[in-house]
Amino acid sequence: MIFMEDIGFDIDERILRVLNGVASSREKASLDEWFQSSVEHEDYYRERVRDFQRIKMLVNITRAEDMKQQVCKTLNKAVRKQTKAKIRMSRRGWYKIAGMAAILIVGFMVRFHDKNTSHDHLLKQPIIYPGKSVATITLANGEELEVGNRGLNVREENGMFLKLDSTVITYSGKQADSGKVVYNTLTVPAGGEYRLVLSDGTKVWMNAESVVRFPVVFPTGERRVACDGEVFFDVARDSLRPFRVETAGNVVKVLGTRFDIRHYEDEPYSAVLLSGSIRLSRGNHEILLKPGEQAQLMEERWVVGKAGASATSWIDGYFLFDNRSLEYIMRELARWYDIEVFFVDSDKQNEYYSFEIERSSSLKQVMNILEKTRTLDVELKGRTVIIR
C-alpha cells in the first residue's frame, strides 16, 4: 500500500495543476513517471480526473451562491469512495485537495467569465416564450370567459352556440327571435393571438393587443363590427349585406374580401387589401383599394402605396421586417412577447434592419439575431429589454 507521504511531492496538488493547465514541464514529467509506475497510481489518477470534470461541470451549471455546497458534496463523495481505494490518502491530504479545488474553481470561473461574458449573461436571463392563443370574451350579460387555456367548451348566448376551442371561437345556430342585437367583445392581450369565426362565416385573425366587438348574429341589411389593434378579416360573401369595419372613426366597406386593419396608439391607421375590393372612408374622404395595395391615414388624408409581404406575415406565423426602424421592430416584439423596451441611446431607434423569423421563436433567438448585427448591445433584465 502506498501512502501520500511516501512520494516526493503532493500528488493531488500536482494532478490539479496539470489538469488546470498551470503545471511546468518538469511537474508534468514527474507526474507522468508516477502515473506509469503502478496500476494503483493509474487508477488513482483517473479517479481524480473524474472529480476534476465534475467540478468543471458544476462551474458551468451551478449558480455562484450554490457553488460551495455543491463542490463540498462532490469532494465528500470522492472521500467516501477513497476509503475503499487501494491508495490511502490522509485527512490532511483531502483538506489540501479541497483547498486546491477552491482555487481551481475561482480560476476557472474568472477565465470562463472573461471568455464567455455574453454567454454567461444569456444563461442568467429568464426564458421569455413567444405569444400564444389566449383571449377574453365578454358576453352580453357582462360575464368574462378566459379562452385559449382550456379544451373544448360550448356555451349558449341568446340562442346561438359558442364553441370555445383552444385557438378559435366559432358562432353557429340561430338567434332567438327577440329583435334585439346582442354584442360580444373579444380581447387579446399582449403576448397573445386568437381566431374567431363570426355567425356569417367570416373568419377573423387577431394579433396581440387587439379588440373586436361584434353582434352574436348580424341583423338584416348590414354586417357591422368594430375593432382596434391589428385584425385580419376573410369576409364571407353576401351581396345583400355589406360588411363594415369601424376603427377610430374610419370605416371599411366590403362585400367579400381578405384584408388587414391595423390601428395601434402612436401609429397611423392602415389597411392592406389581399383580394377583392374595399372602400375606405373618413368623413367625406373616400378611396377604393385594389388587391396588393396599402392605405395609411397621414394627417387626415389617405396615402396609398404598394403593400409589402411583411404587412400580413403575422397571420402566416412569422415576422418579416423589411428595412424597418428598430423602434418599429421593438414595438412589434414588445406586443408579442409582452415585454418592455428601453433605449439607452435614442439614436438606435432610427437604425433600420431587415430580417425574418418565426413568431414561435423565443425572445432569446430574436435577441441573438439583433446582436449579430454587431452594432447593438442588447441586455435582458426581467421582462425589460435594454438596448445600447
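Residues numbered from 1 in each chain as written. Predicted model: local features only at pLDDT ≥ 70, side-chain atom pairs only at ≥ 80, totals over all residues. Heavy atoms only, no water.

Peer 1: An account of the side chain of T312 is requested, with residue identities and associated values reported.
Peer 2: Its location among the elements puts T312 in the loop between β19 (301-306) and β20 (318-325). Those residues in contact with T312, other than ones at most four positions away along the chain, are F232, D260, V272 and L274. (Helix = DSSP H or I, 4+ residues; strand = E, 2+ residues; numbered from the N terminus. Contact = heavy atoms within 4.5 Å.)

Peer 1: Just give me the short version of helix α2 (residues 25-35), but keep the residues and values in it.
Peer 2: Regarding α2, the residues found buried are E27, L31, W34 and F35. Down the axis of α2, the sector holding all buried residues measures 100°, keeping them to one side. Every exposed residue of α2 that faces more than 90 degrees away from the buried side is listed here: S25, R26 and E33. (Buried < 20%, exposed > 50% of the residue type's maximum accessible area, 1.4 Å probe, protein only. Arc of directions from axis to C-beta.)

Peer 1: Residues and numbers for the environment of I11, please.
Peer 2: By the secondary structure assignment, I11 is in helix α1 (residues 11-19). Relative accessible area serves as the criterion here: at 0%, I11 is assigned to the buried category. For the pair I11 and H41, spaced 30 residues apart in sequence, the C-alpha to C-alpha distance is 10.0 Å.

Peer 1: Run through the pattern of salt bridges, naming residues and quoting values.
Peer 2: What the rule picks out here adds up to 23 salt bridges. R14 serves as the salt-bridge partner of E27, at 3.9 Å between the closest nitrogen and oxygen. Placement of the pair is E27 in helix α2 and R14 in helix α1, with a sequence separation of 13 residues. On the basis of relative accessibility, which here comes to 14%, the residue R14 falls in the buried class. The salt bridge partner of E209 is R335, with a shortest N-O separation of 3.5 Å. Placement of the pair is E209 in the loop between β9 (203-206) and β10 (210-215) and R335 in helix α7 (residues 326-337), with a sequence separation of 126 residues. Given a relative accessible area of 9%, R335 falls into the buried group. If you follow the salt bridges from partner to partner, you end up with E209, E230, R262, E267, E327, R331, E332 and R335 in one network. (Salt bridge = Lys/Arg side-chain N within 4 Å of Asp/Glu carboxyl O.)

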